[in-house]
Amino acid sequence: MHIHVIHENAAWLEPLARALDAERLPWRDWFLDRGVFDLSQPPPDGVFYNRMSASSHTRDHRYSAELTAGVLAWLTAHGRRVVNGPRALDLEISKARQYAALDAAGIRTPKSVLVAGKDEVSAAARTHFAGEPVILKPNRGGKGLGVRLFHTVSALAAYLDGPDYEPPVDGLLLLQQYVRAPVIGPSGPLITRAEFIGGRFLYAVEVDTSDGFELCPADQCEVGDAFCPAGDEKPRAKFTIVDGIDTPLRDRYEAFLAANDIAVAGIEFIRAAADGTVYTYDVNTNTNYNPDAEARAGRSAMTALARFLGGELSRLSHRAAAAE
């Protein structure tokens, strides 16, 4: 019996592979870019961990998410233990469905407007965000790709008509309220990403967003550990691990994950500089961890994840043995 890791990015798999090997756990790699699956036959036994990413299409794996959805349906129909199953994937690949689920759980999100069709975007911005800065993001994105801030509708319209515009893979765009983050000490504007394994809070990462919205914490998509000196104050790393977040917020996040059958996730939120209101704007169910930040903090989320998966496999093995 094995742990089966479903993914489409070999570079992102490497840290988990090392952690699984270090724990001496039996595992197999399911790279779902293409393949043949006989749905009339039962899948293999074991624990299946879904790491399919919303950004898979940016690596020329256009239909990996759709293939994974079919495979997860097959696995769950046969009662296999799936970590981050169909509901997790559904929220991973749609910000609109993600915000609806967060709102249903009583978790505040920024005002968002779903737009189908590039020609509708500028008019929607004038109607819903008149005179305000607005963020444009793809409904299905990942890593912060395609997320842009516009201070005027004319600037937004120029981008939409210009050569840099990238159409969203699912045809859907979101216009979203811009929440200005506080600037603390030597850092730039901060957002926080809370990491959960086994549905429980592990640690949080404060992220300096001075360099923009591409916030993937993995070493493979890090362009250098950015520092922002200010006077004689000590520079701060782009990613900094902190041990806790507000307890009521942590509890709401854990309840949200349980309600949506999500065991592993990074949830990003921002505290508005103006009034301290907390807005949650992203749930990443294919979470990565920043190795430099973990080294400074003496933490290893991949080790914790490997041990969680190992525990799931052990429970499954014991139940199988008891049934014999």
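Only a predicted model underlies this, so the values are computations on that prediction, with no experimental measurement involved.

What counts, and where the lines are drawn
- Residues numbered from 1 in each chain as written.
- Predicted model: local features only at pLDDT ≥ 70, side-chain atom pairs only at ≥ 80, totals over all residues.
- Heavy atoms only, no water.
- Buried < 20%, exposed > 50% of the residue type's maximum accessible area, 1.4 Å probe, protein only.
- Helix = DSSP H or I, 4+ residues; strand = E, 2+ residues; numbered from the N terminus.
- Pairing = 2+ DSSP bridges.
- Axes fitted to C-alpha atoms, helices over the stretch in contact; angles between N-to-C directions.
- Contact = heavy atoms within 4.5 Å.
- Parallel < 35°, antiparallel > 145°, perpendicular 65-115°, else oblique.
- Left-handed = near helix turned anticlockwise from the far one by under 90°.
- Nonpolar A, V, L, I, M, F, W, Y, C, P; charged D, E, K, R; others polar.
- Phe/Tyr/Trp six-rings, centres within 6.5 Å; stacked < 30°, edge-to-face > 60°.
- Lys NZ or Arg CZ within 6 Å of the ring centre and 35° of its normal.

Strand 6 (residues 134-138) sits mainly inside the fold: five of its five residues count as buried. In strand 6, alternate side chains face the same way, and those of V134, L136 and P138 on one face and I135 and K137 on the other are all buried. Judged from the three bridges that link them, strand 6 and strand 7 (residues 148-150) form a sheet pairing that is antiparallel. Bridge pairing in strand 7 places L136 opposite R148. Sheet topology note: the strand 6/strand 8 (residues 172-177) ladder contains five bridges and is antiparallel. By the bridge assignment, L136 is partnered in strand 8 with L175.

Let's shift gears to the sheet that holds strand 8. The strands that make up a sheet pair up through hydrogen bonds in the backbone, lying either parallel or antiparallel. Taken in spatial order, the four strands line up as 5-8-6-7 in an open sheet, and their pairing is antiparallel. The sheet terminates laterally at strand 5 (112-116) and strand 7, the two strands that pair on one side only. The sheet shows a mean angle of 25 degrees between the axes of neighbouring strands, taken without regard to direction. Where helix 5 (residues 121-128) meets the sheet, it contacts strand 5, strand 6 and strand 8, and its direction lies at approximately 25 degrees from that of strand 8.

Next up on the list: the packing of helix 1 (residues 10-22) against helix 9 (residues 301-323). Relative orientation of the contacting elements helix 1 and helix 9 amounts to 60 degrees, with a least axis distance of 8 Å. Overall, the two elements helix 1 and helix 9 adopt an arrangement that is oblique. Regarding helix 1 and helix 9, the two cross each other, and that crossing is right-handed. Two secondary-structure elements touch here, helix 1 through P15, L16, A19 and L20 and helix 9 through M302, T303, L305, A306 and L309. For the contact of helix 1 with helix 9, the class distribution of residues is eight nonpolar, one polar and no charged.

Moving on, we get to the packing of aromatic side chains. Applying the stated criterion to the full structure yields eight aromatic pairs. A ring pair is formed by F37 and W74, whose centres lie 6.0 Å apart and whose planes are at 65 degrees; its orientation type is edge-to-face. On the criterion of sequence distance, the pair formed by F37 in the loop between strand 2 (27-31) and strand 3 (46-50) and W74 in helix 2 (residues 64-77) is long-range, its members being 37 residues apart. Overall, the relative accessible area of 25% leaves F37 in the partly exposed class. An angle of 75 degrees between the planes, with centres 5.8 Å apart, marks the rings of F196 and F201 as edge-to-face. Members of the aromatic cluster, connected to one another through ring pairs, are W30, F37, F48 and W74. Over the ring of W12 we find R59; its NZ or CZ atom is 4.6 Å from the centre of that ring. Over the ring of F129 we find K111; its NZ or CZ atom is 5.0 Å from the centre of that ring.

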